[in-house]
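# Summary of structural features
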Amino acid sequence: MGSRKVLIIGYGSPIRGDDAIGPLVADRLQADGVPAGVAVISRHILTAELVADLVEHDRVVFLDAAVEGTPGEVRCRSLAPDASAMSTMAHFLDPRELLAWCETLYGKVPETFLVTACGSAFDYSNYVLTPTAEAAVQPMLEWVRRLIDPNGCASRLSKPTDEAATHGETGSPTMII
């Protein structure tokens, strides 16, 4: 990895069923071990204090649940700063807002990606995923490992886009551009 620093941030509510997938994937990644230069944070919500952590890294990967899409679908997209991104009460700040703060306050924005898995149930449940979301954990981990790899496919997602990289029925990630 050289001197390249990567930050992985898994976020979501641990008491809202499939919304816990972000922190659970981050925790699993940490338990499996990460290369030198990679830090992992598990959070319930995104807060302004994360800005100082973001600017200290060359690449940031956010992990979260999605509500739009086919349940179990895993997507990866690059993110750019957006000061007008709407905050949600579910996660307090949008990752693009944090990037806008990085740009405004520090004049630096790390290369940033968002890896999501579409959930199917967000009822009250403490760190318990549905079988559909549980099946998406491994494809999310595969995306993170690719994004950590300096020679991985992330360079092909260099421009922010809403196009997604998804996993198909087989569970293996495929780039869709």
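These notes cover the structure that comes with them. Please read these numbers as outputs of a predicted model, since none were measured by experiment.

### Side note on the nonpolar core
The nonpolar side chains of a soluble globular protein tend to be buried, and buried together. Within the largest apolar cluster, 27 residues are counted, with the highest numbers of intra-cluster contacts made by Ile 8, Ile 21, Leu 63, Val 115 and Met 140. If you list the elements that add at least two residues to this core, you get strand E1 (6–11), helix H1 (21–32), strand E2 (38–43), strand E3 (59–66), strand E4 (74–79), strand E5 (111–118) and helix H4 (131–148). The element contributing the most residues to this core is H4, with nine residues. Not counting residues within four places of it along the chain, the set of residues in contact with Met 140 comprises Ile 21, Val 25, Leu 63, Asp 64, Val 74, Val 115, Thr 116 and Ala 117.

### Brief notes about the pattern of salt bridges
By the definition in use, this model includes six salt bridges. Between Glu 111 and Arg 59 there is a salt bridge, with its nearest N and O atoms 2.6 Å apart. On the criterion of sequence distance, the pair formed by Glu 111 in strand E5 and Arg 59 in strand E3 is long-range, its members being 52 residues apart. Here Glu 111 falls in the partly exposed class, since its relative accessible area comes to 32%. When its relative accessible area of 5% is taken as the criterion, Arg 59 is described as buried. With a shortest N-O distance of 4.0 Å, Arg 96 and Asp 82 are connected by a salt bridge. Taken together, the positions of Arg 96 in helix H3 (residues 95–106) and Asp 82 in the loop between E4 and H3 put the pair 14 residues apart, joining distant regions of the chain. Within this structure, Asp 82, Asp 94 and Arg 96 form a network of salt bridges that share partners.

Calculation notes
Residues numbered from 1 in each chain as written. Predicted model: local features only at pLDDT ≥ 70, side-chain atom pairs only at ≥ 80, totals over all residues. Heavy atoms only, no water. Core = buried A, V, L, I, M, F, W, Y, C linked by side-chain atoms within 4.5 Å. Buried < 20%, exposed > 50% of the residue type's maximum accessible area, 1.4 Å probe, protein only. Helix = DSSP H or I, 4+ residues; strand = E, 2+ residues; numbered from the N terminus. Contact = heavy atoms within 4.5 Å. Salt bridge = Lys/Arg side-chain N within 4 Å of Asp/Glu carboxyl O.

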